[in-house]
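# Secondary and tertiary structure notes
If you want the building blocks of each chain, they are given just below.
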Amino acid sequence: MIEQIRHYLGDEADDLLHHECKTIPKEQLVLPSPNFVDDVVANSDRNNQVLKNLQWMFNTGRLAHTGYLSILPVDQGIEHSGGASFAKNPAYFDPENIVKLAIEGGCNAVASTYGVLGAVSRKYAHKIPFVVKINHNELLSYPNAYDQILFASVKQCWEMGAAGIGATIYFGSKESNRQIQEISEAFQYAHELGMFTILWCYLRNEHFKVDGTDYHTAADLTGQANHLGVTIEADIIKQKLPTLNGGYKAIRAASGKSYGKTDERMYTELTTDHPIDLTRYQVANGYMGRAGLINSGGASGDNDFADAVKTAVINKRAGGMGLISGRKAFQRPMREGVKLLHAIQDVYLCDEVTIS
């Protein structure tokens, strides 16, 4: 297994597999484990039904009883349009094929829209944990606007038999205050009904692009988004893999105005430029791992298997809880999608890929 992982990592194998994190020590982290629900979540204010549903997800699929998660998310039919998302593989216009891919791919859960999961809930809601995404960005109005609005209620998700709900907040956007209030209320009700919560902690602001550099994946900004996400009691945080740092500084310099609050040690002691250290900072902002970090698999491209394995290695070695990968898996024939999901899961099953 390790040799296949090294093959996918190529020239980066030694650097990624042997990097030693000297910023935030691994001993200070709450790491994924088979007893994560008992040891960590059970100490929180979550009720027994939330614990049961979380444990069901942790006990499902190829990563069962490891503490790690591999989730298939397919909400792109709304977020990116059905045609753009499914033209490569029109079979996934059918909701049943989405759920089948999650099951055949050995995933812990499937995350999708209320409509997709509702269409097949009587057949599958008891076979694999459903995570219903309750808000989306509507992409048909002209000109395109970017605002996450509610498409489903928490009660509808519960009645469907969902184990959890998911939502997106565009932190940094002009609509973020309303989104935070909406989703905080939704998460509170979901917990009351016994469902766990996953938050897509995304950034969106035109000023986060400075002189041709995109800081939407900066560790300092995404880390703070994660910290806001766990403040409204997201049980699991979904975040894009950090690719750089210094977002606060770049935005201040470009605008000539005060922005945010920082401490230089964020850049000199808590992180370095290494991708594992940048991701470790994201983990730390999720209460040192008490709310697990699952990184996004990203868009489909020319080197999907290598990119997915690399992201999984970085996430695992940083102290993350897993991967949530959609387009790389469903924008290809099902057999290949299953193979890609298994390649991701193999990283978390491989004892030789250790915490940095």
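Within each chain, residue numbers correspond to sequence positions counted from 1 in written order. Only residues with pLDDT of at least 70 get local features here, since the model is predicted, and only at 80 or more are side-chain atom pairs given and counted; chain-wide, interface and lining totals rely on the full set of residues. Just so you know, side-chain values use all the structure's heavy atoms and leave hydrogens and water out.

## Brief notes about the packing of aromatic side chains
Two aromatic rings, taken as a pair, are described by how far apart their centres are and by the angle between their planes. Put simply, the test is: What counts as a ring pair is set by centres within 6.5 Å for rings of Phe, Tyr and Trp (its six-membered ring), and what kind of pair is set by the plane angle: stacked under 30 degrees, edge-to-face over 60, tilted for all other angles. Helix numbering and strand numbering both begin at the N terminus, where a helix is a DSSP run of H or I of at least 4 residues and a strand a DSSP run of E of at least 2. For the exposure calls, accessible area comes from a 1.4 Å probe over protein chains only, and a residue counts as buried if that area is under 20% of its type's maximum, exposed if over 50%, partly exposed in between. A ring is considered to have a charge above it if a Lys NZ or an Arg CZ atom is located within 6 Å of its centre and within 35 degrees of its normal.
A full pass over the atoms with the stated rule returns 8 aromatic pairs. Taken together, a centroid distance of 6.0 Å and an interplanar angle of 50 degrees make the contact between F36 and F58 tilted. Of the two residues, F36 is situated in helix 3 (residues 36–39) and F58 in helix 4 (residues 48–58); the sequence distance between them amounts to 22 residues. For the residue pair F36 and F58, the accessibility class agrees, reading buried in each case. Clustering of aromatic rings is evident, with ring pairs tying together F86, Y92, F93 and F330. The side chain of K133 reaches across the aromatic face of W200, ending 5.3 Å from its centre.

## Overview of the nonpolar core
Counted only if it meets this: In this text, buried Ala, Val, Leu, Ile, Met, Phe, Trp, Tyr and Cys residues form a nonpolar core when linked through side-chain atoms within 4.5 Å. By definition in these notes, contact holds between two residues if any of their heavy atoms fall within 4.5 Å.
Ranked by size, the top nonpolar core spans 90 residues in total, and within it L72, F130, L199 and V313 carry the most contacts. In this structure L199 touches A167, T168, I169, F171, I183, F187, G229, I232, A234, I236, I237 and K238, once residues within four positions along its chain are discounted. Among the nonpolar cores identified, the runner-up in size contains 25 residues, and V30, F36, L54 and I324 belong to it.

## A short note on helix 5 (residues 76–86)
In plain terms, the rule: It is the directions from the helix axis to the C-beta atoms whose arc is reported.
What helix 5 keeps buried is the set Q76, E79, G82, S85 and F86. End-on view of helix 5: buried residues confined to an arc of 150 degrees, all on one side of the axis. Looking at the buried positions of helix 5, the neighbouring elements they touch are strand 1 (69–74), strand 3 (130–133), strand 4 (135–137), strand 5 (148–150), strand 6 (164–171) and helix 16 (327–330).

## Let's talk about the side chain of S176
By the element assignment, S176 lies in helix 10 (residues 176–193). Setting aside residues up to four positions removed in sequence, S176 forms contacts with Y170 and F171.

## A few points about helix 17 (residues 334–349)
Cut-off, in case you're wondering: Helix span, expected: 1.5 Å multiplied by one less than the number of residues in the helix.
The terminal C-alpha atoms of helix 17 lie 22 Å apart, and with 16 residues this matches the ideal 22 Å at 1.5 Å per residue to within 8%. Three or more residues of helix 17 are buried, namely G337, V338, L340, L341, A343, I344, Q345, V347 and Y348. Buried residues along helix 17 sit against helix 1 (2–9), strand 1, helix 6 (95–104), helix 15 (304–318), strand 12 (322–324) and helix 16.

## Things to note about the sheet that holds strand 1
In sheet architecture, strand pairing relies on hydrogen bonds along the backbone and comes in two forms, parallel and antiparallel. To keep things clear, this is the line we draw: When DSSP finds at least two bridges between two strands, those strands are taken to pair. Here, axes are lines fitted to C-alpha atoms. For helices the fit covers the stretch in contact, and angles between N-to-C directions go from 0 to 180 degrees.
Taking strand neighbours around the barrel as the criterion, the 8 strands line up as 1-2-3-6-7-10-11-12 in a closed arrangement whose pairing is parallel. If you compare each strand with its neighbour and ignore which way they point, the axes differ by 25 degrees on average. Summarising the sheet, strand 3 and strand 6 pair through 3 bridges and their orientation is parallel. Of the residues in strand 6, the one forming a bridge with V132 is I165. Its contacts with the sheet put helix 4 on strand 1, strand 2 (109–113), strand 7 (196–203) and strand 10 (236–239), and the angle it makes with strand 7 is roughly 70 degrees. Along the sheet, helix 10 makes contact with strand 6 and strand 7, crossing strand 6 at roughly 165 degrees.

## A few points about the packing of helix 11 (residues 219–231) against helix 12 (residues 247–255)
In plain terms, the rule: Oblique is the label for any angle not covered by the other classes, which are roughly parallel (under 35 degrees), roughly antiparallel (over 145) and roughly perpendicular (65 to 115). Ten residues, namely Ala, Val, Leu, Ile, Met, Phe, Trp, Tyr, Cys and Pro, are considered nonpolar, four, namely Asp, Glu, Lys and Arg, are considered charged, and the remaining ones, Gly among them, are considered polar.
Two numbers describe how helix 11 lies on helix 12: the axes approach to 6 Å, and their chain directions differ by 115 degrees. Considering their axes alone, helix 11 and helix 12 lie roughly perpendicular with respect to each other. Packed against helix 11, whose contacting residues are D220, L221 and Q224, the element helix 12 presents G247, Y248 and I251 at the interface. The residue makeup of the contact of helix 11 with helix 12, split by class, is 3 nonpolar, 2 polar and 1 charged.

## Details of the side chain of T60
Mapping T60 onto the fold places it in the loop between helix 4 and strand 1. Setting aside its immediate chain neighbours within four residues, T60 contacts C107, N108, I128 and P129.

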